[in-house]
Amino acid sequence: ADGGFVSKWGTSGSGDGGFNYPNSVAVASDGSVYVTDTNRHQIQRFTSGGVFVSKWGTNGTGDGEFYQPHGIAVAPDGSAVYVADTNNHRIQVFEYED
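Residues numbered from 1 in each chain as written. Predicted model: local features only at pLDDT ≥ 70, side-chain atom pairs only at ≥ 80, totals over all residues. Heavy atoms only, no water.

### Topic: the packing of aromatic side chains
Inference 1: Taken as a whole and assessed by the stated rule, the structure comprises 6 aromatic pairs.
Inference 2: When the centroid spacing of 5.9 Å and the interplanar angle of 55 degrees are considered together, the rings of Phe-66 and Phe-94 count as tilted. Of this pair, Phe-66 sits in the loop between strand E6 (52-56) and strand E7 (72-74) while Phe-94 sits in strand E9 (residues 90-95), and the two are 28 residues apart along the sequence.
Inference 3: With relative accessibility at 0%, the residue Phe-66 sits in the buried group.
Inference 4: Residue Phe-94 is classed as buried on the basis of its relative accessible area of 16%. (Phe/Tyr/Trp six-rings, centres within 6.5 Å; stacked < 30°, edge-to-face > 60°. Helix = DSSP H or I, 4+ residues; strand = E, 2+ residues; numbered from the N terminus. Buried < 20%, exposed > 50% of the residue type's maximum accessible area, 1.4 Å probe, protein only.)

### Focus on the pattern of salt bridges
Inference 1: Within the structure shown, the criterion is met by 4 salt bridges.
Inference 2: Among the ionic pairs, Asp-16 bridges to Lys-55, the shortest N-O distance being 2.9 Å. Separated by 39 residues along the polypeptide, Asp-16 in the loop between strand E1 (11-12) and strand E2 (18-19) and Lys-55 in strand E6 bring together distant segments of the chain.
Inference 3: For Arg-40, the salt bridge goes to Asp-37, with nearest N and O atoms at 3.3 Å.
Inference 4: Its relative accessible area of 16% is what places Arg-40 among the buried residues. (Salt bridge = Lys/Arg side-chain N within 4 Å of Asp/Glu carboxyl O.)

### Describing the sheet that holds strand E4 (residues 33-37)
Inference 1: Across the sheet, 4 strands lie side by side as E3-E4-E5-E6; this open sheet has antiparallel pairing. One side of each edge strand has no neighbouring strand; the edge strands of this open sheet are strand E3 (22-27) and E6. Mean inter-strand twist for the sheet, computed between neighbouring axes without regard to direction, equals 20 degrees.
Inference 2: Where strand E5 (residues 42-46) meets E6, 4 bridges bridge the pair, whose relative direction is antiparallel. Across the sheet, Gln-44 pairs through a bridge with Lys-55, a residue of E6. (Pairing = 2+ DSSP bridges. Axes fitted to C-alpha atoms, helices over the stretch in contact; angles between N-to-C directions.)

### Side note on the side chain of Asn-88
Inference 1: Of note, Asn-88 is situated in the loop between strand E8 (80-85) and E9.
Inference 2: Given a relative accessible area of 16%, Asn-88 falls into the buried group.
Inference 3: Side chain to side chain, Asn-88 and Asp-85 meet in a polar contact 2.9 Å long.
Inference 4: Excluding residues that lie within four positions of it along the chain, Asn-88 makes contacts with Gly-60, Thr-61, Glu-65, Phe-66 and Tyr-67. (Polar contact = N/O pair within 3.5 Å; in protein donor to acceptor, adjacent residues only side chain to side chain. Contact = heavy atoms within 4.5 Å.)

### Some thoughts on the sheet that holds E9
Inference 1: One open sheet accounts for 3 strands, arranged E7-E8-E9; its pairing is antiparallel. Each having just a single partner strand, E7 and E9 make up the two edges of the open sheet. Shown here is a sheet whose adjacent strand axes are inclined to one another by a mean of 20 degrees, direction ignored.
Inference 2: As defined by bridge partners, E8 adjoins E9 across 6 bridges and the pair is classed as antiparallel. Residue pairing for E9: Ala-84 is matched across the bridge by Ile-91.

Written out as structure tokens, the structure reads:
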């Protein structure tokens with residue numbers, strides 16, 4: 001609350017937990033953290049402590065594929081994850097995993 005540094009995670013790279021232009025972050029009610037990894041065309045999920053959990057997406061125009069996703073949000077009731085698939089000009093909706 002006072003602006004003091006707390007923590008960081010991730011590196012530049014293509015492995016699990018690596019990023020190439022992370023853009024947006026959303027936090028679910030269980031503490032899971034979702035990050036749009038824009039130039040890798042995917043979403044990564046972490047624990048609240050920054051431990052990698054999973055990822056999904058690849059470059060493309062099909063369902064579940066992205067072209068530079070930017071925004072992300074988790075539904076207040078925890079039922080879905082919404083992704084602004086920017087260069088495909090659409091919003092994609094995914095079931096929330098707990």
